[in-house]
Amino acid sequence: MHVYDAVVIGAGQAGLSASFHLARLGVDHVVLDANEAPGGAWQHRWDSLSMHDVHGVADLPDAPAPGDSGDRANAVVPAWFGDYEHHHRLPVLRPVRVDEVRSHGDLLVVRAGQRSWTTRTLVSATGTWTRPFLPYYPGAETFRGEQLHTADYPGPAYFDGKRVVVVGGGASAVQFLGELAPRTDVVWVTRRPPVWRDHFGEDAGRHAIELVQERVRAGLPPASVVSVTGLALRPQEQEAARLGAYERRRPMFARIEPDGVRWADGSFERADAILWATGFRPAVGHLAPLHLRSEHGGIALLQSGADVQTATTAVRDPRVQLVGYGPSASTIGGNRAGRAAALAVRRHLLAHPLEADDDRALA
């Protein structure tokens with residue numbers, strides 16, 4: 001039975017970065033990706049999202065990111081990822097949907113259906129896209145219209161002629177309103193007032209990432225950084241602003257009824273569709289058998305340097321690295337974390353040489 005030095009789960013930005021650096025360091029590894037084709041979560045994003053709309057795509061190691069254009073992001077980025085995998089001969093296997101990772105002595109066993117891979121270390125780069133967060137409100141099951149999440153967003157034309165309630169206070173909600181308000185009737189609902197900014201400085205971004213890292217260091221689940229970075233309207237959202245879509249924001253409703261939503265004060269808004277722009281949660285269920293979560297519900301990570309985005313090593317099991325989690329949950333953060341994870345893997349391998357008995361124990 002072959003024992004890998006590392007198994008990477010996920011071939012998005014962070015996973016590709018980790019694989020590149022593992023290969024450069026001579027670490028024997030394989031990348032397991034659940035998708036049918038290259039592109040990570042980008043291939044599943046809506047057609048109306050252009051490269052001009054995305055909030056920045058960082059370079060991959062030794063490969064500059066595609067530039068600003070009107071081309072669809074769900075075509076451009078996957079093509080770039082695919083070329084990158086091919087050019088660097090990264091050992092990606094797909095489609096492989098990992099079910100669980102279990103400890104077996106000093107080794108880890110990664111299982112996907114009837115298949116398994118044995119490894120000395122693990123890099124989990126599974127992101128959040130497969131775990132959309134959909135909050136429950138009383139009466140949700142009675143709604144006669146449609147309820148969709150950001151992960152299901154079919155594009156603005158789908159909602160023509162429909163009255164849409166957009167729920168959420170993040171960048172996706174702002175973008176959806178920008179697309180929908182000029183062509184149909186929308187109502188914006190958020191749990192708390194949005195925080196607007198005139199510009200986004202480097203200091204604010206660094207502070208936001210540090211706050212996320214504080215939560216992760218304490219073993220708390222990662223939280224959104226929008227409350228620190230704030231929201232801003234881009235040129236393509238100015239028409240929606242002129243129409244008052246952002247000024248007419250309402251607080252969160254109390255319940256959902258068959259034909260719309262109702263507030264605690266009795267006021268009501270009719271709706272044909274509810275669009276939940278309520279974010280995602282880290283896709284780390286496959287790690288559950290390793291018991292990495294703290295009593296606070298998150299996975300605490302060790303910080304090895306001044307850059308908080310290089311915190312990747314699980315406190316409860318140093319064999320496991322998480323990239324694209326917490327402070328590295330961005331394209332540039334995923335890149336930095338990928339390199340940090342590869343270096344941490346090599347340090348662990350050097351500190352814990354494989355004994356001859358280790359793989360015999362798996363027979």
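Structural notes, computed from the coordinates. (Residues numbered from 1 in each chain as written. Predicted model: local features only at pLDDT ≥ 70, side-chain atom pairs only at ≥ 80, totals over all residues. Heavy atoms only, no water.)

Quick word on helix 2 (residues 73–87)
Let me state the cut-off plainly: Put simply, DSSP H or I for four residues or longer makes a helix, DSSP E for two residues or longer makes a strand, and each gets a number counted from the N terminus. Here the expected span of a helix is defined as 1.5 Å times the quantity of residues minus one. Exposed residues in this analysis have more than 50% of their type's maximum accessible area, buried residues have under 20%, and partly exposed residues fall in between, with area computed by a 1.4 Å probe over protein chains only. The contact definition used throughout considers only heavy atoms, calling two residues in contact when any of these lie within 4.5 Å.
The first and last C-alpha atoms of helix 2 sit 21 Å apart over 15 residues, in line with the 21 Å expected at 1.5 Å per residue. For helix 2, the full list of buried residues reads Ala73, Asn74, Val77, Pro78, Trp80, Phe81, Gly82, Tyr84 and Glu85. In the core, the buried residues of helix 2 are packed alongside helix 1 (13–24) and strand 3 (92–93). The positive-phi residue at the C-terminal boundary of helix 2 is arginine 89, with phi of around 50°.

Section: the sheet that holds strand 13 (residues 268–270)
Our working definition: Only when DSSP finds a minimum of two bridges between them are two strands counted as paired. Comment: axis = line fitted to C-alpha atoms, over the contacting stretch for helices; angle = value between 0 and 180 degrees taken between N-to-C directions.
Taken in spatial order, the three strands line up as 11-12-13 in an open sheet, and their pairing is antiparallel. Of all the strands in the sheet, the pair left with one neighbour each is strand 11 (255–257) and strand 13. The mean angle between the axes of side-by-side strands here comes to 20°, regardless of whether they run parallel or antiparallel. Taken together, the three bridges between strand 11 and strand 12 (residues 260–262) define a ladder with antiparallel strand orientation.

Overview of the sheet that holds strand 10 (residues 250–251)
Read from one edge of the open sheet, five strands run 7-14-8-9-10, paired in parallel fashion. Bordering the open sheet on either side are strand 7 (146–149) and strand 10, each of which pairs with just one other strand. When strand 8 (residues 163–167) meets strand 14 (residues 273–276), the two strands line up parallel, connected through four bridges. Paired with valine 164 across the strands is alanine 273, a residue of strand 14. Strands in contact with helix 3 (residues 171–180) are strand 8, strand 9 (185–190) and strand 14; relative to strand 9, the strand with the most contacts, it is inclined by about 165°.

Description of the pairing of strand 14
Burial along strand 14 is two-sided: the face carrying Ala273 and Leu275 and the face carrying Ile274 and Trp276 are both buried. Here strand 7 pairs with strand 14 via four bridges, running parallel. Paired with histidine 149 across the bridge in strand 14 is tryptophan 276.

Structural notes on the side chain of serine 19
Tracing the chain through its elements places serine 19 in helix 1. Apart from residues lying up to four places away in sequence, serine 19 is in contact with His29, Val31, Leu90 and Pro91.

A word on the pattern of salt bridges
Rule in force here: Here, a salt bridge means any Lys or Arg side-chain nitrogen found within 4 Å of an Asp or Glu carboxyl oxygen.
The tally for this structure, following the rule as stated, stands at 18 salt bridges. Ionic pairing is found between glutamate 146 and lysine 162, a salt bridge with its closest N-O pair at 3.3 Å. Taken together, the residues span a long stretch of sequence, with glutamate 146 in strand 7 and lysine 162 in the loop between strand 7 and strand 8 at a distance of 16 residues. Here glutamate 269 makes a salt bridge to arginine 250, at a shortest N to O gap of 3.6 Å. A residue pair is termed long-range when its members are at least 10 positions apart, and glutamate 269 in strand 13 and arginine 250 in strand 10 qualify at 19 residues. For the pair glutamate 269 and arginine 250, one class covers both residues: buried. Each member of the salt-bridge network shares a partner with another, and the members are Arg163, Asp185, Arg250 and Glu269.

A short note on the packing of aromatic side chains
Convention followed: When the centres of two rings from Phe, Tyr and Trp lie within 6.5 Å, Trp using its six-membered ring, the rings pair. Their planes under 30 degrees apart give stacked, over 60 give edge-to-face, and anything left gives tilted.
Under the definition given, this model contains 15 aromatic pairs. Plain terms: the ring middles of tryptophan 46 and tyrosine 153 are 5.3 Å apart, the flat faces sit at 90° to each other, and that makes the pair edge-to-face. With tryptophan 46 in the loop between strand 2 (29–32) and helix 2 and tyrosine 153 in the loop between strand 7 and strand 8, the pair connects residues that are 107 residues apart, well separated along the chain. Residue tryptophan 46 shares its accessibility class with tyrosine 153, and that shared class is buried. Judged by centre distance (5.5 Å) and plane angle (40°), the ring pair of tryptophan 80 and phenylalanine 81 falls under tilted. Look at phenylalanine 81 and you get buried, because its relative accessible area is 0%.

Focus: the nonpolar core
Rule in force here: Only buried residues count toward a nonpolar core, which is a set of Ala, Val, Leu, Ile, Met, Phe, Trp, Tyr and Cys residues joined through side-chain atoms within 4.5 Å.
Counting 57 residues, the largest nonpolar core has Trp42, Trp80, Val164, Val166, Leu180 and Leu275 as its most contacted members. Listing elements by their share of this core, those giving two or more residues are strand 1 (3–9), helix 1, helix 2, strand 8, helix 3, strand 9, strand 14 and helix 7 (331–351). Look past the residues within four positions of leucine 180 in its chain and what remains in contact with it is Tyr153, Pro156, Phe159, Val164, Val166, Val186 and Leu275. The next biggest cluster of nonpolar side chains, apart from the first, holds 24 residues, and it includes Trp117, Leu287, Leu292 and Ala314.

Structural notes on unusual backbone geometry
Cis geometry is adopted by the peptide bond preceding proline 95, which originates at arginine 94 and carries an omega value of -10°. Counting through the fold element by element, proline 95 comes out in the loop between strand 3 and strand 4 (100–104). The residue aspartate 62 is not glycine, and still its phi comes out positive at about 70°. Here aspartate 62 lies in the loop between strand 2 and helix 2. Residue arginine 89 is not a glycine yet carries a positive backbone phi of 50°. Positionally, arginine 89 belongs in the loop between helix 2 and strand 3. You can call arginine 89 exposed: its relative accessible area is 76%.

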